[in-house]
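If you want the building blocks of each chain, they are given just below.
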Amino acid sequence: MYAVVKTGGKQYRVAPGDWLEVEKLAGEVGEKITLDEVLLVHDGQQAVIGQPMVQGAKVQATIKAQHKGAKVIVFNYVAKERIRRKKGHRQLLTRLHIDAIEM
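Let me begin by describing the structure that accompanies this report. (Residues numbered from 1 in each chain as written. Predicted model: local features only at pLDDT ≥ 70, side-chain atom pairs only at ≥ 80, totals over all residues. Heavy atoms only, no water.)

**Brief notes about the side chain of His97**
Step number 1: Topologically, His97 is positioned in strand β10 (residues 92–102).
Step number 2: A distance of 3.1 Å separates polar atoms of two side chains, one belonging to His97 and the other to Asp99.
Step number 3: Non-local contacts of His97, meaning those with residues more than four positions away in its chain, are made with Gly17, Asp18, Trp19, Gln60, Ala61, Thr62 and Lys64. (Helix = DSSP H or I, 4+ residues; strand = E, 2+ residues; numbered from the N terminus. Polar contact = N/O pair within 3.5 Å; in protein donor to acceptor, adjacent residues only side chain to side chain. Contact = heavy atoms within 4.5 Å.)

Okay, here's the thing in structure tokens:
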């Protein structure tokens, strides 16, 4: 069984037992959360596709970590000018463990 969920403006394919890193969600480590925006559920035989969401479907997950991702360096450069700008960014992430998919 698997599902496609939407969180943080992105879509992820998840199954029970999977680990997932998404943009930061509110909550403490060890807290159980519910992902309500389920776009598709496949039970191994048939797929239920939502329009836009599957009614009554939920994905239960546990927050395992709140951390920062790897640093991304942005370097702007203009040729033949004295313009150089270097910026860094580290995205805040939440690591989830998918516990169950409910219909």
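From this point, the discussion proceeds with the structure in view.
**A few points about the nonpolar core**
Step number 1: Counting residues in hydrophobic clusters, the biggest one holds 19 residues, and the most contacted among them are Val14, Val59 and Leu96.
Step number 2: For this core, the secondary-structure elements that each account for two or more residues are β1 (2–7), β2 (10–14), β3 (19–23), β4 (32–35), β5 (38–42), β7 (58–68) and β10.
Step number 3: With residues up to four places along the chain from it excluded, the contact list for Val59 reads Ala3, Val5, Val14, Ile33, Thr34, Leu35, Val38, Ile98, Ala100 and Ile101. (Core = buried A, V, L, I, M, F, W, Y, C linked by side-chain atoms within 4.5 Å. Buried < 20%, exposed > 50% of the residue type's maximum accessible area, 1.4 Å probe, protein only.)

**Things to note about the environment of Ile98**
Step number 1: Along the polypeptide, Ile98 turns up in strand β10.
Step number 2: The sequence separation of Ile98 and Val22 amounts to 76 residues, and the corresponding C-alpha distance is 12 Å.

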